Amino acid sequence: MATLAELAAYKAVGTLYNALMTALVLGLVTRRGEEIARDYVFRHFRRQHLEKFLPGLQKLGLADQPPAPACALYHYHSNALGGVKTGYLRESDRKAWVRYPPPRWIWKGTAIAAVPHAVSAAMLHGWHGHNSQSLGKPNLGFVCTGMTVDGRPGLEGYYYEYDRPLEEHERVRFAYDEEMPRVDWAAQPRLETASWPEERRLKTFRAYAVEYLRTMLPTLQEQLGADGARQELGRVARLVGLQFHEETARDMDLPTDVERGDAESSRDFARWLGNVLRAQGEDVEVAGGEVRMQGWRAVRELALSDPLKAFDAWNELWLGAAAAHDRFLTVQTTRSLGERGWSIAWRIAAR
């Protein structure tokens with residue numbers, strides 16, 4: 001049975017990485033422009049689609065369903081596992097709806113006001129529009145009937161089997177003059193997740209969010225190069241650490257914004273960092289104001305063009321959090337990657 005602090009740490013991992021995904025996209029919009037941000041979102045969700053879609057259909061028991069309902073149910077159930085509210089409606093074997101009502105977690109809070117239509121649509125082109133190719137069903141397409149970023153009451157649309165193969169540009173189309181019929185929330189399909197204990201739900205939320213980190217690191221390095229990825233991801237990671245340390249620390253009953261710069265403050269932040277990294281699934285030891293980590297499980301088996309620069313970008317998350325905890329502390333990070341894997345240490349002390 002997990003302790004309250006462990007449950008809070010699982011939640012913190014999900015909170016931090018969901019926020020990092022949002023921050024990265026907004027950072028690209030403002031610093032690199034809409035086209036770069038759109039390309040990143042497309043690459044990100046296409047990579048996740050290629051890795052997750054077909055295995056996910058099997059795990060969810062949907063492989064024998066007709067293509068349109070199978071796709072809509074995949075999104076419905078997989079998002080529910082990640083804690084995202086989603087609606088589903090099957091009109092026929094050839095037409096099935098999926099709806100993500102507001103608030104859209106990926107554009108949390110007022111962030112949604114900064115997301116262009118094309119950037120939000122890139123997710124649909126990256127994932128929804130490729131389902132047909134993965135299934136070998138070239139006549140399957142997705143029709144989007146609304147996106148929250150455009151002021152509509154949710155992101156919604158339907159999968160539909162046409163009578164002919166579709167060209168690439170036809171696989172996702174927009175029809176805002178159509179609308180999803182009413183959804184009976186009480187009659188929605190159910191997975192056993194409804195009866196899961198809190199620990200299992202939070203672990204799933206955590207794992208769902210860690211996949212965003214695992215996708216963004218190689219995707220961003222491929223798109224912007226190792227230096228560009230280090231610059232853009234590192235900048236927003238630090239901001240996320242600054243913004244979300246207080247929320248996550250209070251959930252763990254740990255202090256924040258203490259301004260002491262002493263050994264006790266160092267130990268408190270080391271506890272926070274150790275809790276979060278353990279909840280992420282890492283092998284961590286905490287001794288006083290020092291945190292040691294053997295290996296970096298979150299990135300195992302990833303093909304990174306420059307692993308050290310990927311680490312440095314990720315590490316800004318913890319440096320930002322440390323500054324929010326106590327601005328009179330300093331964090332010395334050492335990291336090495338050899339034949340036996342990663343060896344990492346954070347030494348937190350008075351500045």
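In what follows, the structure referred to is the one given above.
Cut-offs used in this document
Residues numbered from 1 in each chain as written. Predicted model: local features only at pLDDT ≥ 70, side-chain atom pairs only at ≥ 80, totals over all residues. Heavy atoms only, no water. Salt bridge = Lys/Arg side-chain N within 4 Å of Asp/Glu carboxyl O. Helix = DSSP H or I, 4+ residues; strand = E, 2+ residues; numbered from the N terminus. Phe/Tyr/Trp six-rings, centres within 6.5 Å; stacked < 30°, edge-to-face > 60°. Lys NZ or Arg CZ within 6 Å of the ring centre and 35° of its normal. Core = buried A, V, L, I, M, F, W, Y, C linked by side-chain atoms within 4.5 Å. Buried < 20%, exposed > 50% of the residue type's maximum accessible area, 1.4 Å probe, protein only.

Per the stated rule, a full pass over the model turns up 24 salt bridges. Where Glu232 meets Arg32, a salt bridge forms, and the shortest distance between an N and an O atom there is 2.9 Å. Of this pair, Glu232 sits in helix α6 (residues 198–251) while Arg32 sits in the loop between α1 (4–31) and α2 (34–59), and the two are 200 residues apart along the sequence. For Arg214, the salt bridge identified is with Glu211, shortest N-O distance 3.7 Å. Separated by 3 residues within a single helix, Arg214 and Glu211 lie in helix α6, roughly one turn from each other.

Any aromatic ring pair is given by two values, namely how distant the centres are and how the planes are angled relative to each other. Across all of its chains, the model carries 21 aromatic pairs by this definition. When the ring of Trp105 is compared with that of Tyr212, the centres are 5.4 Å apart and the planes differ by 70°; the resulting orientation is edge-to-face. With Trp105 in the loop between β2 (95–100) and α4 (117–126) and Tyr212 in helix α6, this pair connects stretches of sequence that are 107 residues apart. Each member of the aromatic cluster is reached from another via a ring pair, and the members are Phe269, Trp272, Trp296, Phe311, Trp314, Trp318, Trp342 and Trp346. The lysine or arginine in question, Lys85, covers the ring of Trp185, its NZ or CZ lying 4.7 Å from the ring centre.

Residues Tyr17, Trp272, Trp296, Trp314, Trp318 and Trp346 are the most contacted members of the largest nonpolar core, which totals 104 residues. Ranked by size, the runner-up nonpolar core spans 8 residues in total, among them Val143, Tyr158, Leu166 and Val183.

Geometry only, nothing functional implied.
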